[in-house]
Amino acid sequence: AQSVTQLGSHVSVSEGALVLLRCNYSSSVPPYLFWYVQYPNQGLQLLLKYTTGATLVKGINGFEAEFKKSETSFHLTKPSAHMSDAAEYFCAVSDLGANSKLTFGKGITLSVRP
Amino acid sequence: DAGITQSPRHKVTETGTPVTLRCHQTENHRYMYWYRQDPGHGLRLIHYSYGVKDTDKGEVSDGYSVSRSKTEDFLLTLESATSSQTSVYFCAISGAGGRYEQYFGPGTRLTVT
């Protein structure tokens, strides 16, 4: 069975600082990996995904993530935080099956201080 | 934005009553999913559908049933609501499983008193 670990439930950064949100996965086969963002009182929105190919994936709003198979990690970064980045972020993993499903981490709340 | 609507958006109900939540899509996507979101648990899959009349259980399916009689609608029923089912429920759709992303609806906040 696959699983996702997002260490910590809350990260606080200053505006303009680096954002680093960690995600580690457990899967018996190379998985597909996703980061979603949820703004208050809204549904989830896809930030970026890794399926195959380039291990550095760029997403929306200046976010990117790097798939590191040796570390079973898919950490999310953004060079310079903006106030509008304050939200909850979820990492998710999917296996390769035809009817495969997403397994989500517990989520990390990002706060951005002025 | 993907065409996904959920109804109702908010509902308060009493313990023991049946409740049905509706997810409607206009994207003609094959896969539909129901999740619940609770603090400290992230999103957990309740049930999903991979075609009309084809459904399967997720990790937290006890106390829930689903039906999908047409491509665009996926219904989630709480047969006899309990306080532990107080949660925010999200519907999602996908064109295919695996590598394809899921698109989420706006959610339904359900309170069971």
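This text follows the structure it describes.
Residues numbered from 1 in each chain as written. Chains lettered and ligands numbered in written order. Predicted model: local features only at pLDDT ≥ 70, side-chain atom pairs only at ≥ 80, totals over all residues. Heavy atoms only, no water.

Attention shifts here to the overall build of chain A. Counting its secondary structure elements, chain A contains zero helices and twelve strands. Ordered by position from N to C terminus, the α and β elements of chain A give β-β-β-β-β-β-β-β-β-β-β-β. With respect to the three principal axes, the spread of C-alpha positions in chain A is 45 × 30 × 25 Å. Across the 114 residues that make up chain A, the buried fraction comes to 43%. When contacts within chain A are restricted to residue pairs at least 6 apart in sequence, those whose partners lie at least 24 apart make up 57%. For chain A, the accessible area works out to roughly 5,400 Å², and carbon and sulfur atoms hold 53% of it. Of the side-chain charges in chain A, 9 are positive and 7 negative, and the distance between the mean point of each set is 4 Å. (Helix = DSSP H or I, 4+ residues; strand = E, 2+ residues; numbered from the N terminus. Buried < 20%, exposed > 50% of the residue type's maximum accessible area, 1.4 Å probe, protein only. Contact = heavy atoms within 4.5 Å. Areas by Shrake-Rupley, 256 points an atom, 1.4 Å probe, with all protein chains shown as cover. Lys, Arg positive; Asp, Glu negative; His and termini not counted. Charge placed at Lys NZ, Arg CZ, Asp CG, Glu CD.)

Strand pairs in the sheet, formed through backbone hydrogen bonds, run parallel or antiparallel to each other. Residues and elements named next belong to chain B. Read across the sheet, four strands follow the order 1-3-8-7 without closing on themselves; strand pairing throughout is antiparallel. A strand with exactly one partner marks an edge of an open sheet, and here the two such strands are strand 1 (4-7) and strand 7 (64-70). Across the sheet, the axes of successive neighbouring strands diverge by a mean angle of 20°, strand direction being ignored. (Pairing = 2+ DSSP bridges. Axes fitted to C-alpha atoms, helices over the stretch in contact; angles between N-to-C directions.)

Let us now look at the state of the cysteines. Residues and elements named next belong to chain A. The final tally for this structure, using the stated rule, is two disulfides over all chains. The disulfide partner of Cys23 is Cys91, and the gap between their sulfur atoms is 1.9 Å. In this structure, the disulfide formed by Cys23 and Cys91 twists by about -65° around the S-S bond and is classed as left-handed. Of the two residues, Cys23 sits in the loop between strand 3 (19-21) and strand 4 (24-26) while Cys91 sits in strand 10 (residues 87-94), which places them 68 residues apart along the sequence. Given the relative accessible area of 0%, Cys23 is considered buried. For Cys91, a relative accessible area of 0% corresponds to the buried category. (Disulfide = S-S within 2.5 Å.)

What follows deals with the interface of chain B and chain A. Of the residues lining the interface, 23 residues belong to chain B; the matching set on chain A comes to 24 residues. Contact between chain B and chain A buries roughly 1,800 Å² in total, counting both sides, with carbon and sulfur atoms accounting for 52%. Where chain B packs against chain A, one counts one salt bridge. One salt bridge in this structure joins Lys49 of chain A and Glu101 of chain B, with 2.7 Å as the shortest N-O distance. Those elements giving two or more residues to the side of chain B that touches chain A turn out to be strand 4 (31-38) and strand 5 (42-51) of chain B. Of the residues forming the side of chain B that touches chain A, the biggest block, five residues, is contributed by strand 5 of chain B. Grouping the constituent residues of the side of chain B that touches chain A by class yields eleven nonpolar, eight polar and four charged. (Buried area = accessible area lost by both parts, 1.4 Å probe. Salt bridge = Lys/Arg side-chain N within 4 Å of Asp/Glu carboxyl O. Nonpolar A, V, L, I, M, F, W, Y, C, P; charged D, E, K, R; others polar.)

What follows is about unusual backbone geometry. The amide bond that connects Ser7 of chain B to the next residue, Pro8 of chain B, takes the cis arrangement and shows omega of -10°. Summarising the element assignment, Pro8 of chain B is placed in the loop between strand 1 and strand 2 (10-13). At Thr72 of chain A, a residue that is not glycine, the phi angle is positive and equals roughly 45°. Within the fold, Thr72 of chain A resides in the loop between strand 8 (64-68) and strand 9 (73-78). Here Asn28 of chain B, not a glycine, exhibits a phi torsion of approximately 60°, which is positive. Summarising the element assignment, Asn28 of chain B is placed in the loop between strand 3 (19-25) and strand 4. With a relative accessible area of 63%, Asn28 of chain B lands in the exposed category.

Moving on to the pairing of strand 6 (residues 54-57) of chain B. Residues and elements named next belong to chain B. Of the strand pairs in this sheet, strand 5 and strand 6 are connected by four bridges, and their pairing is antiparallel. Of the residues in strand 6, the one forming a bridge with Ser49 is Thr55. Connecting the antiparallel pair strand 5 and strand 6 is a turn made up of two residues, with Lys53 showing a positive phi of about 65°.

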